[in-house]
Amino acid sequence: MTFATLRPFLVFSVSLMLLLSCSKKEDLDPDLETDTQSENDRIILESFTHGEFFSQMKSFEDVDCEAYCIIDSPESWVMKESNHRFNAQFSIDLKIYNTPTDIIYAFHIKAGNNSRPVIGTINGQTVNAATYELKIPKETDWSTCELIENQFTVTRGAGNPLVINASYHLFEKCK
């Protein structure tokens, strides 16, 4: 047998070996573990952000901003919670609180069915997650019980946007 007659067989064999060597799952999808990890991190973050963390805080309705002050610990922070509906199936849970340095707006989309909706945008900024936290640094000249008002336009994948008018009275840091 000559090389010319073996050439097609050798080309086929080498091609087959290359094809089979590239068929490993990790070679075709090197980010598979990262994607799984990201999903796990997202679930943990969502549980943490809207679970035990908020249960430590005081309720806005139970605390007078003139008579109460906060420290660096979440147990002293005061949370105002409200729910805003897109429609009968989807709503946004909004939690507002202030730390000694920031005002925090925590958004969480909920569904009345088994779907897993995401917030598309907030005020035009892409979110694409079920949970989103917006931190706004407090201005240096703020005062105790100052009323902070903001308007948020929230979209999800489909449907009309939801406009949320939010207000919160600031609590000062204990001296």
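Located above this text is the structure these notes cover.
Residues numbered from 1 in each chain as written. Predicted model: local features only at pLDDT ≥ 70, side-chain atom pairs only at ≥ 80, totals over all residues. Heavy atoms only, no water.

Here's the deal with the overall build of the protein
Operational definition: The helix count covers DSSP runs of H or I at least four residues long, the strand count covers runs of E at least two residues long, and both are numbered beginning at the N terminus. Exposure categories follow from relative accessible area, calculated using a 1.4 Å probe and restricted to protein chains: below 20% of the type maximum is buried, above 50% is exposed, and the middle band is partly exposed. In this analysis, two residues are considered to be in contact whenever any of their non-hydrogen atoms come within 4.5 Å of each other.
When you go through the protein residue by residue, the secondary structure sums to 4 helices and 11 strands. In the protein, which comprises 175 residues, the share counted as buried stands at 32%. Within the protein, counting contacts between residues at least 6 apart in sequence, those at least 24 apart form 51% of the total.

Quick look at the state of the cysteines
The line we're drawing: Note on disulfides: each one is a pair of cysteine sulfur atoms within 2.5 Å.
Per the stated rule, a full pass over the model turns up 2 disulfides. Cys-65 shares a disulfide with Cys-145; S-S distance 1.9 Å. Negative torsions about the S-S bond denote left-handed disulfides, and the value of about 120° found for Cys-65 with Cys-145 makes this one right-handed. Taken together, the residues span a long stretch of sequence, with Cys-65 in the loop between β1 (58-59) and β2 (69-70) and Cys-145 in the loop between β8 (131-137) and β9 (147-156) at a distance of 80 residues. Of note for the protein: the bonded cysteines, numbered N- to C-terminal, pair according to 1-3, 2-4.

With respect to the sheet that holds strand β10 (residues 162-169)
This is how the line gets drawn: Here a strand pair is declared whenever DSSP counts at least two bridges between the two strands. The axes are straight lines fitted to the C-alpha atoms, using for helices just the contacting stretch, and the angles between their N-to-C directions are given from 0 to 180°.
Taken in spatial order, the 4 strands line up as β7-β6-β9-β10 in an open sheet, and their pairing is antiparallel. For this open sheet the edge positions go to β7 (125-129) and β10, each flanked by a neighbour on one side alone. Neighbour-to-neighbour, the strand axes of this sheet turn through a mean angle of 30°, independent of strand direction. Examined bridge by bridge, strand β6 (residues 119-122) and β7 share 3 bridges and lie antiparallel to one another. For Ile-122, the partnering residue across the bridge sits in β7 and is Gln-125.

Some points on the pattern of salt bridges
What counts is decided by this rule: Salt bridge, as applied in this entry: a Lys or Arg side-chain nitrogen positioned within 4 Å of an Asp or Glu carboxyl oxygen.
Evaluated as defined, the whole model comprises 5 salt bridges. Linking Lys-95 and Asp-93 is a salt bridge whose minimum nitrogen-to-oxygen distance equals 2.4 Å. Take Lys-95 and Asp-93: they sit in the same class, and that class is buried. One salt bridge in this structure joins Lys-110 and Asp-93, with 4.0 Å as the shortest N-O distance. Here Asp-93 lies in strand β4 (residues 90-98) and Lys-110 lies in strand β5 (residues 102-111), a separation of 17 residues in the sequence. Of the residues examined, Asp-93 reaches a relative accessible area of 4% and is grouped as buried.

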